[in-house]
Amino acid sequence: MRQQHDVAQLGMWVFLATEVLFFGGLILSYCVYRSAYPAAFAEAARHTKIIIGAANTAVLLTSSFLVAWAVAIVKLRQSRFAAVLLWGAGVLGVIFLVLKGIEYGMEYDEHLLPGLDFFYPGEQARAVGLFFSFYIVATGLHAIHVAVGIVVLGVIGARARQRAYSDAYHSPVTVAGLYWHFVDMVWIFLFALIYLPGRSG
Amino acid sequence: MTRDRYPPRAIVVSWAALMALLTLTVLGAYLPLGAGNTVLAMIIAAIKAALVAAIFMELRERNPLTLAFACAGFFWLGIMLWLAFSDYATRPNFPPAMHWGQ
């Protein structure tokens, strides 16, 4: 069982390595365009909603905390309380998506979403469009990962409620946890790249 | 609530540290540091990611093989960023005909 658990962990890390390069490619394109148009990217980033972004970061970090707690509990014994923690983490994931949706709505109203309705006055329009193209693709793909994670947490939570996991068998919880923490980690970097530039100008 | 339901100390401390770092990075973004703002934001993001990886993802308890797999993705990402930037950063040294975007 010990070996099975290690292999499950290893497999998830292999998948996460592909995810690192998937989001890494996006971030590379961001870095290239930001170094080409630093002023426009700072100006564009000032239009993002930093309060919603920061609140969402706190929501995801707390959600990750609940999952880490659930993992710690199922490793000790069978517990239905782990289900409460996993579902709690899922609910925080839903809150994240709702806030993100509100944010998209505000940006749509401000004509900041390329492909839907983009209009930006001034000579920086094209580079600002590049920033918001990255913004919508990166946060959109991240939101899909969050949505998948919510479903996974729901299912794993239901199984935990049936006392399916114990000190001897808990790989699904730890592997789902790895995925959820990774989604959190991607957001940590997206937050720093999207919301923070240009604030001190 | 029985006693073994309490979260382990390490993850509580990590969560508190992550929240503190989030506050710090938001406040830091408003300080007039010039290019230092980006450096500060990326250093704090890296510390947050390291905390999540080491404590929440339990990498500090894993065997060397798992650690190697966990680092592999970031290693290749580093190579991708390095090669891409050695390209874009050196383009101004070449004749305009070779410039990007023309």
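Because the structure is predicted, anything quoted here is derived from the model rather than measured.

Calculation rules
Residues numbered from 1 in each chain as written. Chains lettered and ligands numbered in written order. Predicted model: local features only at pLDDT ≥ 70, side-chain atom pairs only at ≥ 80, totals over all residues. Helix = DSSP H or I, 4+ residues; strand = E, 2+ residues; numbered from the N terminus. Contact = placed C-beta atoms within 7 Å. Nonpolar A, V, L, I, M, F, W, Y, C, P; charged D, E, K, R; others polar. pLDDT = per-residue confidence, 0-100. Domains from an automatic or database assignment. Axes fitted to C-alpha atoms, helices over the stretch in contact; angles between N-to-C directions. Parallel < 35°, antiparallel > 145°, perpendicular 65-115°, else oblique. Left-handed = near helix turned anticlockwise from the far one by under 90°. Core = buried A, V, L, I, M, F, W, Y, C linked by C-beta atoms within 7 Å. Buried ≥ 20, exposed ≤ 12 C-beta atoms within 10 Å, placed from the backbone.

1. Brief notes about the overall build of chain A
Part 1 of the argument: Each helix and strand counted, chain A has 6 helices and 2 strands in total.
Part 2 of the argument: Listed by position from the N terminus, the elements making up chain A come as α-α-α-α-β-β-α-α.
Part 3 of the argument: Dimensions of chain A, computed from C-alpha atoms along their principal axes, come out at roughly 60 × 30 × 30 Å.
Part 4 of the argument: Taking contacts inside chain A between residues at least 6 apart in sequence as the whole, the part at least 24 apart equals 79%.

2. Some details on the interface of chain A and chain B
Part 1 of the argument: Residue-level contacts link 38 residues of chain A with 41 residues of chain B.
Part 2 of the argument: Counting residues per element, the ones that place at least two in the side of chain A that touches chain B are helix H1 (2-36), helix H3 (50-74) and helix H6 (171-194) of chain A.
Part 3 of the argument: Broken down by element, the residue count for the side of chain A that touches chain B peaks at 13 residues, all from H1(A).
Part 4 of the argument: Residue composition of the side of chain A that touches chain B, grouped by class: 27 nonpolar, 8 polar and 3 charged.

3. Here we look at the environment of B:Phe85
Part 1 of the argument: When you line up the elements, B:Phe85 lands in helix H3 (residues 64-90).
Part 2 of the argument: The sequence separation of B:Phe85 and B:Ala50 amounts to 35 residues, and the corresponding C-alpha distance is 24 Å.

4. Let's talk about the confidence of the model for chain A
Part 1 of the argument: Of the residues in chain A, 100% reach a pLDDT of 70 or more, and the chain-wide mean stands at 94.
Part 2 of the argument: Predicted confidence in chain A is weakest over strand S2 (residues 117-118) of chain A, with a mean pLDDT of 88, and strongest over H6(A), with 97.

5. Some words on the domain arrangement of chain B
Part 1 of the argument: Looking at the assigned domains, one finds that chain B contains domain 1 (1-61) and domain 2 (64-102).
Part 2 of the argument: Here domain 1 of chain B and domain 2 of chain B have C-alpha centroids that lie 27 Å from each other.

6. Considering the packing of H1(A) against helix H5 (residues 125-161) of chain A
All names here are of chain A.
Part 1 of the argument: Two elements in contact, H1 and H5, have axes whose closest approach is 10 Å; the angle formed by their N-to-C orientations is 165°. By the angle between their axes, H1 is roughly antiparallel relative to H5. Both H1 and H5 take part in a crossing whose hand is left-handed. Between H1 and H5, the contacting residues are Leu-26, Ser-29, Tyr-30 and Tyr-33 on the first element and Leu-130, Phe-134, Val-137 and Ala-138 on the second.
Part 2 of the argument: Residues belonging to the contact of H1 with H5 are distributed by class as follows: 7 nonpolar, 1 polar and no charged.

7. Focus: the packing of H1(A) against H6(A)
Residue and element names in this part refer to chain A.
Part 1 of the argument: It is at 10 Å that the axes of H1 and H6 come closest, and there the two elements cross at 15°. Classified by the angle their axes make, H1 and H6 are roughly parallel. When you trace H1 past H6, the crossing you get is right-handed. Every residue of H6 that contacts H1 at Gln-4, His-5, Ala-8, Gln-9, Met-12, Leu-16, Glu-19, Phe-23, Ile-27 and Tyr-30 is listed here: Ser-171, Thr-174, Val-175, Leu-178, Tyr-179, Phe-182, Val-186, Phe-189 and Leu-193.
Part 2 of the argument: Residue composition of the contact of H1 with H6, by class: 13 nonpolar, 5 polar and 1 charged.

8. Quick look at the environment of A:Val152
All names here are of chain A.
Part 1 of the argument: With respect to the helices and strands, Val-152 occurs in helix H5.
Part 2 of the argument: Sequence-wise, Val-152 and Arg-77 are 75 residues apart; in three dimensions their C-alpha atoms are separated by 21 Å.
Part 3 of the argument: Those residues in contact with Val-152 that lie beyond four places of it in its chain are Ala-176 and Tyr-179.

9. Description of the nonpolar core
Part 1 of the argument: Judged by nonpolar contacts, the single largest core of 81 residues is most densely connected at A:Trp69, A:Ala70, A:Ala82, A:Leu86 and A:Phe131.
Part 2 of the argument: Elements that contribute at least two residues to this core include exactly H1, helix H2 (38-45), H3, helix H4 (81-109), H5 and H6 of chain A together with helix H1 (9-29) and helix H2 (36-56) of chain B.
Part 3 of the argument: It is H6(A) that contributes the most residues to this core, 18 residues altogether.
Part 4 of the argument: If we skip the residues at most four places from it in the chain, A:Ala70 touches A:Ala82, A:Leu85, A:Leu86 and A:Val173.

10. A closer look at the confidence of the model for chain B
Residues and elements named next belong to chain B.
Part 1 of the argument: Here chain B shows a mean pLDDT of 89. Residues at 70 or above account for 90%.
Part 2 of the argument: Mean pLDDT values over the elements of chain B span from 92, in H3, up to 97, in H1.
Part 3 of the argument: ipTM for the predicted complex: 0.93, alongside a pTM of 0.93.

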